[in-house]
Amino acid sequence: MLQTQITAQQLYDKLKDIKLGGQGCVYSLKKCEELVPIINEINDLKEEKNAVILAHSYISPEIIYGVSDFVGDSYKLSRDALTTQASTIVFVAVRFMGETAKILNPEKEVLIPAKLDGCSLADSINPATVQELRRQYPGYTFVCYINTTAQVKALCDVTVTSANAYKVVGKIPNDKIYFLPDKFMGQNLKNYIDRHGIKKDIRYYSGTCYVHEEYDIEDILKVRLEYPDAKIVSHPECNTTVIDHSDFVGSTEQMLSYMRETSTKQFLMLTECGLSSRLQSEFPDKQLVGSCTLCKYMKSNSLQDILRVLKNPLPKDRVVFDEQTRLRALKTIEAMFHYAES
Ligand code: 13P
Ligand code: SF4
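Owing to the predicted nature of the structure, the values given are computational and were not obtained by experimental measurement.

**A word on the site of ligand 1**
Inspection of the region around ligand 1 gives H56, Y58, D73, S74, N147, S162, H212, H235, E237, S251 and T252 as its neighbouring residues. Side-chain polar atom of H56 to an oxygen atom of ligand 1: 2.6 Å apart, as the coordinates give it. The separation between an oxygen atom of ligand 1 and a polar side-chain atom of S74 is 2.5 Å. Isolated, ligand 1 exposes 300 Å² of accessible area, and the fraction of that covered by the protein chains is 96%.

Structure follows, in structure tokens:
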């Protein structure tokens, strides 16, 4: 978001209202003074190396407000990756998001600073399983969530994100759909399609996100009792009962827009803590009730590792895959853009 040198006071103004987001997510002016030298070293290097930083909303606030050029959900970031003129993209998130940027920009260097670059959804399914499912379900359109590896995408037909899954699946001209890997999103998708009178046979795989599967109806009932005016905002990776009792369901970016636009002041946000931090920083008049959960994969990104990959990337930090995989995966992402934007 900030592309030039910043002062400790400017950083503190962005971070001072953040009270959630894991250990260490309370920022004093002194802490900002300690962070600013490395932040400005990264910002100088970005200019020198013609690099941009894309950061998912779940990332630690000092990264989002100190060094990132683009912030958002996986759909927005995939669009941003397409528009940048920079020759290097540092993707501060998890590996599958960096892979999406590389699929769309084969000529650019894409670097991933995350120490733990997995994701419980992307790790829940492998190419051999997809091939077996395709044998079991002939005639089905295979729809993969963006939280999958490039190799898994290459074996599917259409990619979707949490921002467009319902719309895209509704438009696919086949009434047989196999969705993978998230079972809750698959069930939520099926319920949505059924409720809207669209006739489709939707099957889905058994993966889960370890962050979102933790939430249950008790979290909502407790808040409804204590804060009757609060709105419940949840991510479609939550289970069906949570979704059915929520006031709004959407991608992380759509959740933020909903909270920005509604006049309500109190929210229970059923997603990763990074989004709570964005709300607190950008809309300090809104109050969060209840707690949030951390994603260890997203939170394994640090300013130190961003600086390291910009200065001296190791082979493991670079996204590379063969051209055949890239082209096949690209077709599924282009199909998503086609259905999502038509
Ligand atoms: P969004 O696309 O909504 O940002 O979701 C990505 C994700 O990993 C949620 O857990
Ligand atoms: Fe993956 Fe869940 Fe983390 Fe999102 S929150 S990156 S789905 S493990």
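Picking up after the structure, the text goes on.
**Let's talk about empty space enclosed by the protein**
Overall, the coordinates contain two cavities of 30 Å³ or more when judged by the stated rule. Taken together, 24 residues line the largest cavity, and the ones lying closest to its centre are Y58, M97, N147, E237 and M298. When its residues are assigned to classes, the lining of the largest cavity shows 13 nonpolar, nine polar and two charged. As a volume, the second largest cavity reaches approximately 40 Å³. In terms of lining, the second largest cavity is formed by S74, L77, S78, F91, M97, T100 and I146. Contributions of two or more residues to the lining of the second largest cavity are made by α4 (74–83) and α5 (95–104). The leading source of residues in the lining of the second largest cavity is α4, at three residues. Within the lining of the second largest cavity, the residues separate by chemical class into four nonpolar, three polar and no charged.

**Some thoughts on the pattern of salt bridges**
Across all of its chains, the model carries 24 salt bridges by this definition. A salt bridge links D17 to K16, with the shortest nitrogen-to-oxygen separation between them at 3.8 Å. For K16, a relative accessible area of 34% translates into the label partly exposed. Two residues, D201 and R203, come together in a salt bridge whose shortest N-O distance is 3.0 Å. Judged by its relative accessible area of 26%, D201 falls in the partly exposed class.

Conventions and cut-offs
Residues numbered from 1 in each chain as written. Chains lettered and ligands numbered in written order. Predicted model: local features only at pLDDT ≥ 70, side-chain atom pairs only at ≥ 80, totals over all residues. Heavy atoms only, no water. Near = heavy atom within 4 Å. Polar contact = N/O pair within 3.5 Å; in protein donor to acceptor, adjacent residues only side chain to side chain. Areas by Shrake-Rupley, 256 points an atom, 1.4 Å probe, with all protein chains shown as cover. 1 Å grid on protein atoms, 1.4 Å probe; cavity = no way out; pocket = protein on both sides within 12 Å on 5 of 7 lines; lining within 4 Å. Points joined across faces, edges and corners; volume = space filled by probe spheres on them. Nonpolar A, V, L, I, M, F, W, Y, C, P; charged D, E, K, R; others polar. Helix = DSSP H or I, 4+ residues; strand = E, 2+ residues; numbered from the N terminus. Salt bridge = Lys/Arg side-chain N within 4 Å of Asp/Glu carboxyl O. Buried < 20%, exposed > 50% of the residue type's maximum accessible area, 1.4 Å probe, protein only.

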